[in-house]
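# Observations on the three-dimensional arrangement
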2 protein chains.
Amino acid sequence: MPDSKHTALSRRSDTTRAAILHAARERFAADGYERATIRTIARDAGIDPSMVMRYYGSKEGLFAAAVAVDLKLPDLGPLPRDEIGSALVTHFLAMWEENEVLTALLRVGATNQAGAERMQGIFQEQLLPVARQACPDPEQVPVRAALTATQLLGMALTRYVLRLPPAVALSRQEIVAWLAPTVQRYLTAPNP
Amino acid sequence: MPDSKHTALSRRSDTTRAAILHAARERFAADGYERATIRTIARDAGIDPSMVMRYYGSKEGLFAAAVAVDLKLPDLGPLPRDEIGSALVTHFLAMWEENEVLTALLRVGATNQAGAERMQGIFQEQLLPVARQACPDPEQVPVRAALTATQLLGMALTRYVLRLPPAVALSRQEIVAWLAPTVQRYLTAPNP
DNA sequence: ATCGTTGGTCAACGATTGTTGGCAAACGGG
DNA sequence: CCCGTTTGCCAACAATCGTTGACCAACGAT
């Protein structure tokens, strides 16, 4: 019988599974999808490449499991209307720097079709609802959210992927001070 | 003697060289560096893979030759101070859509170290001088130029690489209307 | 007509990749 | 203690990659 008393409890392999996911996120973030090989990920995790296949089926399956992203976007309801730009930029910076998953996803999204579609999904399911709270005209929510995405992803691209020196040198507070008015305008300002 | 009378004139192979470059740009733009193989590029160009090696030495050499980018940024001198944002965004959109080189470079820059360094070079040698014309304080030129790059590259990323539907649906005029004030502020506004 | 130069094909190399199946050891409930 | 299950390693497969060298055909000046 497959399920005895500890059905949902820690099996011995959960440690390995987690190690694989951790190594996979690091490699995908550093090298992108194609150059991150199952062999190097397995070596980082200290196990055999075949284990990766057993636990995640294929390289695509591993990637899908490694970049399950939850942006944990805040509820904009209780916030003053003119602070949502600053709140969003601050939150995005924190999310991006505490966690290499987002960099991995961005790198892969730029090269891989599946990665790009996953980013489209995150945009639609996580950023759109938040934009709906901030944007008065429901008709314009997708456009406003997309404009916000251009600025936030553009900063992530230049700072964490391309690593343009002046973008890397900026402090978090400086970035918020510069980008918050932009995001604020994209979400709440009347049509230009 | 290698050079007879037609030293700088059209050799027969120049057609092939150009065909290879054209196919390479298409493939690098569509697939990124790793998935664009020399074999498929050669097939697109209608010749043998070994010719690519003969003419460009290696895959890296081919890439270097394929993405020699000149942004042809306009001289901002004769322009009214408050129109440089609009002028830059308009020019960037035109450059990006007339030519797949930029998309290729962005895709590769997101995955490949050499590609990222090439983008840093373009930023430094082509965008910085223009920002120097628009920005009053010389000390702040790199920061202002980097901020501009985040917005312009962010739009390119979401529209031409990730292809977020709302970003694709925008017309050029709408993009200029939304982004021009942002770029204008990044380049000319006082510190926030 | 001849012969070096150029433009091009073909077949193969060594390396690396994702992926698979077989087998050994450790575990754990009966 | 015993036996099925889990966890893991090893070796190998087939495919694909960048790259190379041998070989052939067409050209062009002498």
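Residues numbered from 1 in each chain as written. Chains lettered and ligands numbered in written order. Predicted model: local features only at pLDDT ≥ 70, side-chain atom pairs only at ≥ 80, totals over all residues. Heavy atoms only, no water.

### Here's the deal with the overall build of chain A
Counting its secondary structure elements, chain A contains ten helices and zero strands. The linear arrangement of helices and strands in chain A, starting from the amino end, is α-α-α-α-α-α-α-α-α-α. Oriented by its inertia axes, the alpha-carbon framework of chain A measures out at about 60 × 45 × 30 Å. When the 192 residues of chain A are sorted by exposure, 50% land in the buried category. Approximately 9,300 Å² of chain A is accessible, and the part contributed by carbon and sulfur atoms is 52%. (Helix = DSSP H or I, 4+ residues; strand = E, 2+ residues; numbered from the N terminus. Buried < 20%, exposed > 50% of the residue type's maximum accessible area, 1.4 Å probe, protein only. Areas by Shrake-Rupley, 256 points an atom, 1.4 Å probe, with all protein chains shown as cover.)

### Things to note about the relation of the copies chain B and chain A
Each copy superposes on the other: chain B lies on chain A with an RMSD of 0.0 Å after a rotation of 180° and an axial shift of 0.0 Å. Look at the turn and shift together and you get a two-fold axis relating the two. Taking C-alpha positions as reference, the residue of chain B nearest the rotation axis is Gly154(B), located at 1.7 Å. Same-surface contact between copies: 100% of interface residues of chain B are shared with the interface of chain A. (Least-squares fit on C-alpha atoms with pLDDT ≥ 70 in both. Contact = heavy atoms within 4.5 Å.)

### Thoughts on the interface of chain B and chain A
Contacts between the two partners involve 46 residues from chain B and, on the opposite side, 46 residues from chain A. Across the chain B-chain A interface, the total number found is zero salt bridges. On inspection of chain B and its partner chain A, the count reaches 17 residue pairs in polar contact (both at pLDDT 80 or more). The set of elements that each furnish at least two residues to the side of chain B that touches chain A consists of helix H1 (13–35), helix H6 (101–111), helix H7 (113–134), helix H8 (141–161), helix H9 (165–169) and helix H10 (172–188) of chain B. In terms of residue count, H8(B) provides more of the side of chain B that touches chain A than any other element does, 14 residues in total. Among the residues forming the side of chain B that touches chain A, the class breakdown is 28 nonpolar, eleven polar and seven charged. (Salt bridge = Lys/Arg side-chain N within 4 Å of Asp/Glu carboxyl O. Polar contact = N/O pair within 3.5 Å; in protein donor to acceptor, adjacent residues only side chain to side chain. Nonpolar A, V, L, I, M, F, W, Y, C, P; charged D, E, K, R; others polar.)

### Some words on the protein's contact with DNA strand D
As a matter of local geometry, DNA strand D sits amid 19 residues, with Thr16(A), Asp48(A), Arg54(A), Arg39(B) and Lys59(B) nearest to it. Sugar and phosphate atoms constitute 52% of the interface atoms of DNA strand D, taking the interface as everything within 4 Å of the protein. Asp48(A) is positioned with one of its backbone polar atoms (N or O) 2.7 Å from a phosphate oxygen of DNA strand D. Side-chain polar atom of Arg39(B) to a base nitrogen of DNA strand D: 2.6 Å apart, as the coordinates give it. (Near = heavy atom within 4 Å.)

### Some thoughts on the protein's contact with DNA strand C
Surrounding DNA strand C, one finds 20 residues, the nearest of these being Arg39(A), Lys59(A), Ser13(B), Asp48(B) and Arg54(B). Atoms of DNA strand C within 4 Å of the protein: sugar and phosphate make up 54%, bases the balance. Lys59(A) is positioned with one of its backbone polar atoms (N or O) 2.8 Å from a phosphate oxygen of DNA strand C. Arg54(B) has a polar side-chain atom sitting 2.3 Å from a base nitrogen of DNA strand C. Mapped onto the surface near DNA strand C, the elements with two or more residues apiece are helix H2 (38–45) and helix H3 (49–56) of chain A together with H1 and helix H3 (49–56) of chain B. Take the surface near DNA strand C: its biggest share by element is four residues, from H3(B). Here the residues of the surface near DNA strand C sort into six nonpolar, six polar and eight charged.

### Overview of the UniProt feature "domain: HTH tetR-type" (unreviewed entry) in chain A
Here, the residues flagged by UniProt with the feature "domain: HTH tetR-type" (unreviewed entry) are residues 14–74 of chain A. Measuring from the first to the last C-alpha atom of residues 14–74 of chain A gives 31 Å, for a span that is 75% helix and 0% strand. (UniProt positions renumbered as here; feature names shortened; annotations may be inferred.)

### Topic: the packing of helix H1 (residues 13–35) of chain A against helix H4 (residues 59–66) of chain A
All names here are of chain A. Here H1 crosses H4 at 105°, and the two axes come no closer than 10 Å. When the axis of H1 is compared with that of H4, the two are roughly perpendicular. Contact residues: H1 offers Ile-20, Leu-21, Ala-24, Arg-25, Phe-28, Tyr-33 and Glu-34, while H4 offers Lys-59, Glu-60, Leu-62, Phe-63, Ala-65 and Ala-66. Of the residues contributing to the contact of H1 with H4, the split by class is nine nonpolar, no polar and four charged. (Axes fitted to C-alpha atoms, helices over the stretch in contact; angles between N-to-C directions. Parallel < 35°, antiparallel > 145°, perpendicular 65-115°, else oblique.)

### So, the domain arrangement of chain A
Residues and elements named next belong to chain A. You can read the domains of chain A as domain 1 (13–66) and domain 2 (81–188). Relative placement of domain 1 and domain 2: their C-alpha centres are 27 Å apart. Contact between domain 1 and domain 2 buries roughly 940 Å² in total, counting both sides, with carbon and sulfur atoms accounting for 65%. Looking only at domain 1, the three residues that lose the most surface to domain 2 are Arg-25, Ala-29 and Phe-63, adding up to 46% of its buried area. Summed over the shared surface of domain 1 and domain 2, the result is zero salt bridges. Linking domain 1 with domain 2 are two residue pairs in polar contact (both at pLDDT 80 or more), by the criterion used here. Ranked by residue count, the leading element in the side of domain 1 that touches domain 2 is H1, at ten residues. Tallied by class, residues from the side of domain 1 that touches domain 2 come to seven nonpolar, two polar and four charged. (Domains from an automatic or database assignment. Buried area = accessible area lost by both parts, 1.4 Å probe.)

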